[in-house]
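Breakdown of the fold
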Amino acid sequence: MSITGKFKLSTSENFEDFMKALGVGLVTRKLGNKSTPTVTVSEEAGEYTVKTESLVKTSEIKFKVGEQFEELTADGRKVMSTMTQTAPNVMVHEMLGTN
């Protein structure tokens, strides 16, 4: 799979509205909406690491494709996540709330 590498967000649409719908506070929404994170994806022995670095926060998740894992989101929510590969360079990140 050639999904590994370093990526920089260049555009974003409706992110503030998305964060508001999740219940993210005003200050965090404003900071998050101005941020242009860099995401580094690496893989070793079938385990992926996704490191997201921004002005607001740096976070890192580790997972195996198709296996559910516990995740603490950048805004502090605990979720159960599953990553699936839908195309050679496409992963879908599904999050299910735990509350």
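In case you missed it, the structure is sitting above this.
Read on for an overview of the structure. Just so you know, these numbers come straight off a predicted model, no measurement behind them.

Reading guide: rules and limits
Once a new chain begins, its residue numbering starts again from 1 and follows that chain's sequence as written. The model is predicted, so local features are restricted to residues of pLDDT at least 70 and side-chain atom pairs to those at 80 or more, both for listing and for counting; the totals for chains, interfaces and linings are taken over all residues. To get the side-chain values, all heavy atoms of the structure are used, and hydrogens and water are removed first. Any pair of Phe, Tyr and Trp rings, taking the six-membered ring for Trp, is counted once the centres come within 6.5 Å. Such a pair is stacked with planes under 30 degrees apart, edge-to-face with planes over 60 apart, and tilted for the rest. Labels follow the DSSP assignment, with helices taken as runs of H or I lasting at least four residues and strands as runs of E lasting at least two, numbered in each case from the N terminus. Burial classes follow relative accessibility: with a 1.4 Å probe on protein chains only, a residue under 20% of its type's maximum area counts as buried, one over 50% as exposed, and anything between as partly exposed. Two strands are counted as paired when DSSP detects at least two bridges linking them. What counts as an axis is a line fitted to C-alpha atoms, over the stretch in contact for a helix, and the angles between N-to-C directions run from 0 to 180 degrees. Here the term cavity refers to a set of points on a 1 Å grid, laid over the protein atoms alone, in which a 1.4 Å probe fits but cannot get out; the term pocket refers to an open set having protein on both sides within 12 Å along at least five of seven lines, with lining residues being those that place an atom within 4 Å of a point. Grid points are joined across faces, edges and corners, and a volume is the space filled by probe spheres set on the points. Note on residue classes: Ala, Val, Leu, Ile, Met, Phe, Trp, Tyr, Cys and Pro are nonpolar, Asp, Glu, Lys and Arg are charged, and everything else, Gly too, is polar. Think of a nonpolar core as a cluster: buried Ala, Val, Leu, Ile, Met, Phe, Trp, Tyr and Cys residues, connected wherever their side-chain atoms sit within 4.5 Å. The criterion used for residue contact is that any of the two residues' heavy atoms lie within 4.5 Å.

This paragraph deals with the packing of aromatic side chains. Under the definition given, this model contains 3 aromatic pairs. A ring pair is formed by F15 and F18, whose centres lie 6.3 Å apart and whose planes are at 20°; its orientation type is stacked. One end of the pair, F15, and the other, F18, are both in helix 1 (residues 15-21), 3 residues apart, so they sit about a helical turn from each other. For F15, a relative accessible area of 31% gives the class partly exposed. Judged by centre distance (5.7 Å) and plane angle (15°), the rings of Y48 and F63 are stacked.

What follows concerns the sheet that holds strand 1 (residues 5-8). Across the sheet, which stays open at both edges, the 4 strands sit in the order 1-2-3-4 with antiparallel pairing between neighbours. Both outer strands of the open sheet, strand 1 and strand 4 (58-63), are each paired with one neighbouring strand and no more. Sheet twist, expressed as the average angle between the axes of neighbouring strands with direction ignored, equals 15°. Pairing analysis gives 6 bridges linking strand 3 (residues 47-53) to strand 4, with the strands arranged antiparallel. Pairing of T52 across the sheet is with S59, part of strand 4.

Put simply, the largest pocket is a space of about 1,300 Å³. For the largest pocket, the lining is made up of 39 residues, of which F15, P37, T52, S59 and A74 are closest to its centre. For the lining of the largest pocket, the secondary-structure elements that each account for two or more residues are strand 1, helix 1, helix 2 (26-34), strand 2 (38-44), strand 3, strand 4, strand 5 (69-72) and strand 7 (90-97). Tallying contributions element by element places strand 4 first for the lining of the largest pocket, with 5 residues. When its residues are assigned to classes, the lining of the largest pocket shows 21 nonpolar, 12 polar and 6 charged.

Before going further, it helps to examine the side chain of T73. With respect to the helices, strands and loops of the structure, T73 is situated in the loop between strand 5 and strand 6 (78-87). By relative accessible area, which is 5% here, T73 ends up buried.

Listed in full, the 9 residues of the largest apolar core are I3, V41, Y48, V50, I61, F63, F69, M83 and M91. Sorting the residues of this core by element identifies strand 3 and strand 4 as the ones contributing at least two each. Leaving out residues up to four positions away in the same chain, V50 has contacts with V39, T40, V41, S59, E60, I61 and F63.

As a general feature of sheets, a regular strand has side chains that alternate between the two faces. Here strand 1 runs beside strand 2; their pairing, made up of 4 bridges, is antiparallel. Bridge pairing links K6 to T40 in strand 2. Hairpin geometry of strand 2 and strand 3 is characterised by an intervening segment of 2 residues between the two adjacent antiparallel strands and by a positive phi of about 55° at A45.

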